[in-house]
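Chain residues, written in single-letter form:
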Amino acid sequence: MADQVATQDRLDQVFARIDDQRDALVALTQDLIRIPTVNPPGDAYRPCAELVGERLRKQGFSVEYLRAEGAVGDSDRFPRTNVVARIEGERAGETVHFNSHIDVVEAGQGWTFDPFAATVADGRVYGRGACDMKGGLAASIIAVEALLQSGIPLAGAIEISGTVDEESGGYAGVAWLAERGYFSRPRVDHVIIPEPLNVDRVCLGHRGVWWAEVETRGRIAHGSMPFLGVSAIRNMGLFLTLVEQELYPALDKRKTSMPVEPEGARSSTLNFNSIHGGLAEGFDGLPSPCVADSCRLVLDRRFLIEEDLDEVRGEIRALLDRLRDEVPDFDYRLRELFSVLPTMTDKEAPVVRALDQEIRRVLGKEPQHIASPGTYDQKHIARIGHLHDCVAYGPGVLDLAHQPDEWVGIDDMVASAKIMAAATLRLTGSLR
Ligand SMILES: [Zn+2]
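Definitions and limits used
Residues numbered from 1 in each chain as written. Predicted model: local features only at pLDDT ≥ 70, side-chain atom pairs only at ≥ 80, totals over all residues. Heavy atoms only, no water. Helix = DSSP H or I, 4+ residues; strand = E, 2+ residues; numbered from the N terminus. Rg over C-alpha atoms; globule rule 2.2 N^0.38 Å. Contact = heavy atoms within 4.5 Å. Areas by Shrake-Rupley, 256 points an atom, 1.4 Å probe, with all protein chains shown as cover. Lys, Arg positive; Asp, Glu negative; His and termini not counted. Charge placed at Lys NZ, Arg CZ, Asp CG, Glu CD. Salt bridge = Lys/Arg side-chain N within 4 Å of Asp/Glu carboxyl O. Buried < 20%, exposed > 50% of the residue type's maximum accessible area, 1.4 Å probe, protein only. Pairing = 2+ DSSP bridges. Axes fitted to C-alpha atoms, helices over the stretch in contact; angles between N-to-C directions. Core = buried A, V, L, I, M, F, W, Y, C linked by side-chain atoms within 4.5 Å. Polar contact = N/O pair within 3.5 Å; in protein donor to acceptor, adjacent residues only side chain to side chain.

### Some points on the overall build of the chain
Reasoning step 1: In terms of helices and strands, the chain carries ten helices and 16 strands.
Reasoning step 2: Its C-alpha atoms give the chain a radius of gyration of 25 Å, near enough to 22 Å, the size a compact globule of 432 residues would have.
Reasoning step 3: Summarising its shape, the C-alpha atoms of the chain cover approximately 85 × 45 × 40 Å along the three principal directions.
Reasoning step 4: Restricting the contact set of the chain to residue pairs at least 6 apart, pairs at least 24 apart contribute 80%.
Reasoning step 5: Within the structure as shown, the chain displays about 18,500 Å² of accessible surface, and the carbon and sulfur contribution to it stands at 49%.
Reasoning step 6: In the chain, the 47 positive side-chain charges and the 66 negative ones have mean positions that sit 2 Å from each other.

### Topic: the pattern of salt bridges
Reasoning step 1: For the structure shown, the criterion picks out 32 salt bridges.
Reasoning step 2: Of the charged contacts, one joins Glu 215 and Arg 217 as a salt bridge, the two residues approaching to 3.7 Å between their closest N and O atoms.
Reasoning step 3: For Glu 215, a relative accessible area of 14% gives the class buried.
Reasoning step 4: The partly exposed category is assigned to Arg 217, whose relative accessible area is 24%.
Reasoning step 5: Note that Arg 254 and Glu 315 form a salt bridge whose closest N and O atoms lie 2.9 Å from each other. Taken together, the positions of Arg 254 in the loop between α6 (232–253) and β10 (269–277) and Glu 315 in helix α7 (residues 309–326) put the pair 61 residues apart, joining distant regions of the chain.
Reasoning step 6: A relative accessible area of 27% means that Arg 254 is categorised as partly exposed.
Reasoning step 7: Residues joined in a network through salt bridges with shared partners are Arg 86, Glu 88, Glu 159 and Arg 187.

### Remarks on the sheet that holds strand β5 (residues 124–126)
Reasoning step 1: Spatial strand order, β4-β5-β16: three strands in an open sheet with antiparallel pairing. The outermost strands of the open sheet, each flanked by one partner alone, are β4 (120–121) and β16 (407–409).
Reasoning step 2: Across two bridges, β4 lies against β5 in antiparallel orientation. From the neighbouring strand, Val 120 faces β5, where its bridge partner is Val 125.
Reasoning step 3: In the packing of helix α2 (residues 22–33) onto the sheet, the strands contacted are β4, β5 and β16, and the crossing angle to β5 comes to about 10 degrees.
Reasoning step 4: Together, β4, β5 and β16 form the strand contacts of helix α10 (residues 410–428), whose direction differs from that of β16 by roughly 60 degrees.

### So, the nonpolar core
Reasoning step 1: The biggest cluster of nonpolar side chains holds 94 residues, and the ones touching the most others in it are Leu 355 and Tyr 393.
Reasoning step 2: The contact partners of Leu 355, leaving out residues within four places of it in the chain, are Ile 192, Val 202, Val 391, Tyr 393, Ile 419 and Ala 423.
Reasoning step 3: Listed in part, the 25 residues of the second largest apolar core include Trp 210, Leu 247, Tyr 248 and Leu 320.

### Points about the environment of Tyr 376
Reasoning step 1: Its place among the elements puts Tyr 376 in the loop between β14 (368–372) and α9 (378–383).
Reasoning step 2: Taking the relative accessible area as the measure of exposure, Tyr 376 reaches 4% and is therefore buried.
Reasoning step 3: In sequence terms Tyr 376 and Glu 195 are 181 residues apart; their C-alpha atoms lie 8.8 Å from each other.
Reasoning step 4: For Tyr 376, the contacting residues outside a window of four places in its chain are Glu 166, Ile 193, Glu 195, Cys 203, Leu 204, Gly 205, His 206 and Ala 392.
Reasoning step 5: A polar side-chain atom of Tyr 376 sits 2.5 Å from a polar atom in the side chain of Gln 378.

Just geometry here; none of it tells us what the structure is for.
This is how it looks when you write it as structure tokens:
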């Protein structure tokens, strides 16, 4: 009991410090938003990485800038510069790593605020990247600064990284660093990714992805005599009809035990990202009359942790093979573009338990465990780094990500900073 009182006293000191830093937290979020790290093409990564790195260097962190030379997208004009900062504790313990991506998607249309002015209004900071995820990055920095300044002796170590290209797959960011051991034991034990999943929710993982291009092949002929050719577009229509009649109903019936939000994404899903048949794209004169000899479809299949990637591929191929066997002149090619396996951290993992406990303490409510319908950098940490004590937890409302007038709530940033700081003290072993 005396121990619990002592713990609460020490946490109260850290929380009071975070409350005092409210304006600094807003200012840091604004500074980050005002560097327009738009991806693609991957603008201004270096100055944004330096803003994070030089601030943390002043707090005693050792700082590395790591350019992913030779990685996809890297060039002298658009260098893929990541920052990793680390501070050692005074005694042995475990390492907590906060990983945030510094890239943002394009602003798009429909804003009432300047997307890179970082306007403060109604207790919110508005701007591209406010919730996804510069507000989360700022909250993790303020959290760690407050606990370092609190006088509680730190055990283990803390790392903060700002990484590039999450919005385009993370290959020059977290994947590149994971290949070099930055997300593996013994260097790191626990990873928190402050993506905007709402301040009272812990995101355990995400569904899998399989992207493929299906091309139906036909035979060109004069459009006035289509019976002399084979229409790739009509053949694609046969495939789409089969998918509609057989695959969609089957996918809808498959339910996952993963707590995916929104609930509609607890089934397997399939989207057609694009389709094109016939005359080359980008020509706006009159077309010539031809039977299309090619039709291409890009499909985006999101699959569940209960499903197997080979089965996901196999069921598409089975439909196409059936058409080839049954329909004269049906010919196709299937090209795989990209796949990500589903990942989910155990809900009893140390990082989950620590965040749960501190969400209860700070917000006074029961934390919710969720999984994400789309993927994020946790995939690389799990698959390349083989580190499974990793979750996404951060302020910001998920639905606002990538939207016009994106914002992050200042109260939520402050609350999440307290939760991150307390969880870090617990996970590093500093409270013992
Ligand atoms: Zn994000």
